[in-house]
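This is what each chain is made of:
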Amino acid sequence: MRWENLSDGPRRGAADAALFGADAVTTRTFDTPEFRGITFHEIRARTIVNRVPGASRMPFEWTVNPYRGCTHACVYCFARKTHSYLDLDTGLGFDSQIVVKVNAPELLRRQLTSRRWHGDHIAMGTNVDCYQRAEGRYALMPGIIEALRDRANPFSILTKGTLILRDLDLLRQAAAVTDVGISVSVGFLDESLWRTVEPGTPAPGRRLEVVRTLTAHGIGCGVLMAPVIPFLGDEPEQLRATVRAVAEAGATSVTPLVLHLRPGAREWFMSWLHRHHPHLVRRYERLYAEGAYAPTWYQRRITRQVHELAEEFGIGPTRAGAARRIPVAPEPGPPPGPTQLTLL
């Protein structure tokens, strides 16, 4: 494995700074059912706040990613390409060889106190899921949220993981002092599709329960309806059922995102398609003939349909940079008394 020159993107030359050295890597396996077949590479990273490349389509500038690789094993995950920078394959290697930045919380706390840091918004869960299965063992996110809370630094989290509910109290504390945006990814409801295309994730219904729970405790939660998978999850009745369920879960917004197939993800997804839906291979080759993204006309059609359904069911699309500051209610009791966090 190529550790010594590891960077957060393709290497551009010898001047690229390594994020950690080979002597900082500890490799572990755990013989428990939930981690069987998975190898964890524990490292002490040299940096944790990453700048998003200027050419990116992402609406944010800074990210924190405590993990590389993801046991969610979504066959379409665009982050698969990043494993090739470690000389790992972008298929099974991405799903089972997980890099864990064990010093992420302490490193983030140090970087947030730097004079060079100006308190910009930090996005999490945008590369791989920070609430994937590994988080249940390594528990990096509580320390990360605490560091952001203590500096009143705005942040957002995108996840498919139900484990985020473990940190509900911390999220409420952070939302009392800064802008916190939470989004859950639910692209479809079809459980047979889910079992093959997102095999390591909680079921779509369980993710919607996360939305319902966060909302019930005063934390506004949007849904990224992603990905909308052409010819498998894009029928009008499928879109309607998903948007209806999102609305019933109490989501503040729903934003569709059509499947995109970047190098690394494209090969793995097409291999999956050959095995499970061979009759669709030629249609995909035509639809994605021009590159990683579906044609503009197709994306606009899906966006229009979802937005119309959202309006019908009483929710709307996410606004750019949307994040909410959640007021913390005082715990009932005779005054005077201290204001405490409470789960409503």
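Coordinates for the structure precede this section.
Read on for an overview of the structure. (Residues numbered from 1 in each chain as written. Predicted model: local features only at pLDDT ≥ 70, side-chain atom pairs only at ≥ 80, totals over all residues. Heavy atoms only, no water.)

## So, the sheet that holds strand β7 (residues 122-124)
Definition in use: Any two strands are treated as partners once DSSP identifies two or more bridges connecting them. Here a strand is any run of E in DSSP of at least two residues, a helix any run of H or I of at least four, and the numbering for each starts at the N terminus. In this analysis, axes come from line fits to C-alpha atoms, helices being fitted only over the stretch in contact, and the angle between any two N-to-C directions falls in the range 0 to 180 degrees. For this analysis, residues touch if any pair of their heavy atoms sits within 4.5 Å.
On the basis of which strands lie adjacent, the open sheet formed by 7 strands has the order β3-β4-β7-β8-β9-β10-β11 and mixed pairing. Both outer strands of the open sheet, β3 (49-51) and β11 (254-258), are each paired with one neighbouring strand and no more. Each strand axis lies, on average, 25° off the axis of its neighbour in the sheet, ignoring direction. Here 5 bridges tie strand β8 (residues 155-159) to strand β9 (residues 180-185), and the two strands are oriented parallel to one another. Looking at β9, one finds that Ile157 is bridged to Ile182. Against the sheet, helix α8 (residues 236-248) contacts β10 (221-228) and β11, and its axis sits at roughly 160° relative to β10. Sitting on the sheet, helix α11 (residues 296-312) touches β10 and β11, and the angle it makes with β11 is about 160°.

## Considerations on the sheet that holds strand β1 (residues 26-29)
Strand order in the open sheet formed by 4 strands is β1-β2-β6-β5, and the pairing between neighbours is mixed. Every interior strand has two partners, whereas the edge strands, β1 and β5 (67-68), have only one. Summarising the sheet, strand β2 (residues 39-43) and strand β6 (residues 97-101) pair through 5 bridges and their orientation is parallel. Among the inter-strand pairings, His41 is bridged to a residue of β6, identified as Val99.

## Overview of the packing of aromatic side chains
Stated formally: Pairing of aromatic side chains requires ring centres within 6.5 Å, counting the rings of Phe and Tyr and the six-membered ring of Trp. Pairs whose planes differ by under 30 degrees are stacked, by over 60 edge-to-face, and all others tilted. Relative accessibility thresholds used throughout: buried, under 20% of the residue-type maximum; exposed, over 50%; partly exposed, between the two (1.4 Å probe, protein chains only). Whether a charge lies above a ring is judged from NZ of Lys or CZ of Arg, which has to be within 6 Å of the ring centre and within 35 degrees of the ring normal.
Inspection of the entire model under this criterion finds 10 aromatic pairs. With 5.3 Å between their ring centres and 40° between their planes, Phe269 and Trp272 make a pair best called tilted. With Phe269 and Trp272 both in helix α9 (residues 265-276) and 3 residues apart, this pair spans about one turn of that helix. Under the relative-accessibility criterion, Phe269 is labelled buried at 0%. Taken together, the ring pairs connect Phe231, Phe269, Trp272, Tyr284 and Tyr288 into an aromatic cluster. A cation sits over an aromatic face here: Arg137 above Phe30, 3.6 Å from the ring centre. Over the aromatic face of Phe231 sits the side chain of Arg283, whose NZ or CZ is 3.9 Å from the ring centroid.

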